[in-house]
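Overview (structure and organization)
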Amino acid sequence: MAGHVLVTAEHIITMSDGEPVVSANQPALAFLGEWITAVGELDQLRERFPDAEVVDFGKATIVPGFNDAHQHPTMTAANERGVDLSRASSRTELLAELRRRAATTPPGEWVLGTRYDHGKSTGGEPLTRFDLDQVSVEHPILVINIGAHWGVLNSPGLERAGFSAETPPPEGGEFGRDAAGQLTGVVHEQALFDVAYPSLARRRPVLPPQDQETALRNLRRVARRLNAAGITSVGDAMTGPDELSVLQESRRRGELTVRVNALVTFRHFDVFRESGLRSGFGDHWLRLGGVKAFADGAVAGGTCLVEDPFEGTADHGIQTLSTAELTDLVSQVHSSGNRLAVHANGDRAIKLVLDAMERAAREHPDVRVEHRIEHCSLVDGGIVARMRELGVIAVPFGSYVAFHGDKLVDYYGLNRLERMFAHRSLLDAGIPVAGSSDFPCGPFEPLLALASCVTRQSVFGRTAGQVLGGSQRISVLEALGLYTTGSARASGETAVKGRLLPGQLADFVVLSENPVRVAPQQLSSIEVLATWVGGEEVWRKGDRSE
């Protein structure tokens, strides 16, 4: 589009600090190329821009493009080669899915299963190597849990990975063992990363990488699904050289339809620093957002590091970096002026991260960087006060109450849920809070996340309809803020993203209903009619093309 364009609808929510909802009779946005130039009443904007094209969305509502601050699009693209097991509702169904894939896979090649939800398919009990051996011993098999922090290998998979009963677990990882000390096939944290994740492995993973053309094709497919949900920007929270290569080639070809803020995993920080790179390097389509590190395991996988043990156990979870390593890494990243994004779910893990950040701030008082705590799942009053004092940004899960309700109750109990994904407490303390799905570990649809944050109701399983942690409910506008202004703050892009105002990028979503006016339980039923990125329509309802 060469000249100005005016878009209009019945309602426009700009997320402006002063007046977030445009009150004009017929509100409209004007943009030129990628940038918004004016907001106001349609007739007035027509006078200012008489040659502008007008796009009228009728009774719809326009909101800023949804920005998912923490998910994994390149991991999801890599998962496309595997079998998505998230819909399996029983052990029998799950194993049948794997058998079908094994039947079409040449012997000796890997069979990969992804998004295995042990709570929904195997009664909360993990699969074992022996379950997977029943599928095939002609193929190495890896099944990755939906939380992406543990998985299960069959016997040939264990052998291919070099794991035996005598193998010591890698630092920051664990092997599942039976009463006799034999491997069950379950691999936690670093033990899984060394098998499957190039950006985190201490060696070349044994699971072969995709060729780049396949990876690019899968990334396009993933991006279109995100666009269909109204997502215009994402944080790719686990990138290394392989992932960055795919993202850069997609950008070079002009194929990105979501803007990407890439977090480089800490294993590659030395190269990052020695190359002279800094947070913010890149452009508005692909930029380096900072350094990603890990302090503990997963919420939905039951491996995060908690002060009080998981319900009915003596288990406090897994610390994935030693305290000394974490302290040193935080100091190095902070002193270099880069933004650090530390995965920390459990309250004990978050305290360790805050200890390290406080020490770094004392050692380098002239450095001013807003660091992030990813997930920040289980907090208390002391944690919130320390985060506020340090100026730390929180990036909690948006939809986990809705999606993982059963597991949350089983692992943490109802009382702890009153301080999990504590959007209310964090916002009330004045802490910047971003919206995050952690997809593929949770659903990526922002409207489901908005409903989850506003209602705190579980949607699936035996807890469906139950309010979990109701004291942390927030308003619809606050929930919208998580996925617009909050995520822009988390990526350091408030100057160009998060609001529909002059000088901001023309990234917006057209919704069938005004989210502020519908019943909270209906938020997830609102339809996305169109998604625009940089003043160009990238998705429209009814568009089936890839």
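None of the values given here were measured: they were computed from a predicted structure.

A word on the side chain of D406. With respect to the helices and strands, the residue D406 is situated in helix α15 (residues 405-417). A polar contact of 3.1 Å, which involves the side chain of D406, links it to the backbone nitrogen of R462. Polar side-chain contacts of D406 include one of 2.7 Å to the side chain of T463. Apart from the residues lying within four places of it in its own chain, the contact partners of D406 are F460, G461, R462 and T463.

This part covers the pairing of strand β4 (residues 35-41). Bridging between strand β3 (residues 27-32) and β4 involves 6 bridges; their strand directions are antiparallel. In the sheet register, L32 faces β4, and the bridge partner there is W35. The hairpin turn running from β3 into β4, its antiparallel successor, is 2 residues long, and G33 in that turn takes a positive phi close to 65 degrees.

So, on to the packing of helix α8 (residues 212-228) against helix α9 (residues 241-252). At a closest axis distance of 10 Å, the pairing of α8 and α9 adopts a crossing angle of 70 degrees. The pairing of α8 with α9 is recorded here as roughly perpendicular in orientation. The way α8 lies across α9 gives a crossing that is right-handed. Across the interface between the two elements, Q212, A215, L216 and L219 of α8 pack against S245, V246, L247, E249 and S250 of α9. Broken down by class, the residue content of the contact of α8 with α9 amounts to 5 nonpolar, 3 polar and 1 charged.

Here we come to α15. With 13 residues, α15 should reach 18 Å at 1.5 Å per residue; the first-to-last C-alpha distance of 10 Å falls well below that figure. Where α15 is concerned, the buried positions are G405, D406, K407, L408, Y411, Y412, G413, R416 and L417.

One pass over the full model with this rule turns up 16 aromatic pairs. Centroid distance F310 to Y412: 5.7 Å. Interplanar angle 65 degrees. Geometry classified as edge-to-face. Of the two residues, F310 is situated in the loop between β16 (286-294) and α11 (323-335) and Y412 in helix α15; the sequence distance between them amounts to 102 residues. Summarising the burial analysis for this pair, F310 and Y412 share the class buried. Three or more aromatic residues joined by ring pairs make a cluster, and in this case those are F31, F57, F508 and W532. The ring of F460 carries the charged tip of K120 above its face, separated from the ring centre by 4.8 Å. If you follow R259 out to its NZ or CZ, it ends over the ring of W285, 4.4 Å from the centre.

The rules behind each value
- Residues numbered from 1 in each chain as written.
- Predicted model: local features only at pLDDT ≥ 70, side-chain atom pairs only at ≥ 80, totals over all residues.
- Heavy atoms only, no water.
- Helix = DSSP H or I, 4+ residues; strand = E, 2+ residues; numbered from the N terminus.
- Polar contact = N/O pair within 3.5 Å; in protein donor to acceptor, adjacent residues only side chain to side chain.
- Contact = heavy atoms within 4.5 Å.
- Pairing = 2+ DSSP bridges.
- Axes fitted to C-alpha atoms, helices over the stretch in contact; angles between N-to-C directions.
- Parallel < 35°, antiparallel > 145°, perpendicular 65-115°, else oblique.
- Left-handed = near helix turned anticlockwise from the far one by under 90°.
- Nonpolar A, V, L, I, M, F, W, Y, C, P; charged D, E, K, R; others polar.
- Expected span 1.5 Å × (residues − 1).
- Buried < 20%, exposed > 50% of the residue type's maximum accessible area, 1.4 Å probe, protein only.
- Phe/Tyr/Trp six-rings, centres within 6.5 Å; stacked < 30°, edge-to-face > 60°.
- Lys NZ or Arg CZ within 6 Å of the ring centre and 35° of its normal.

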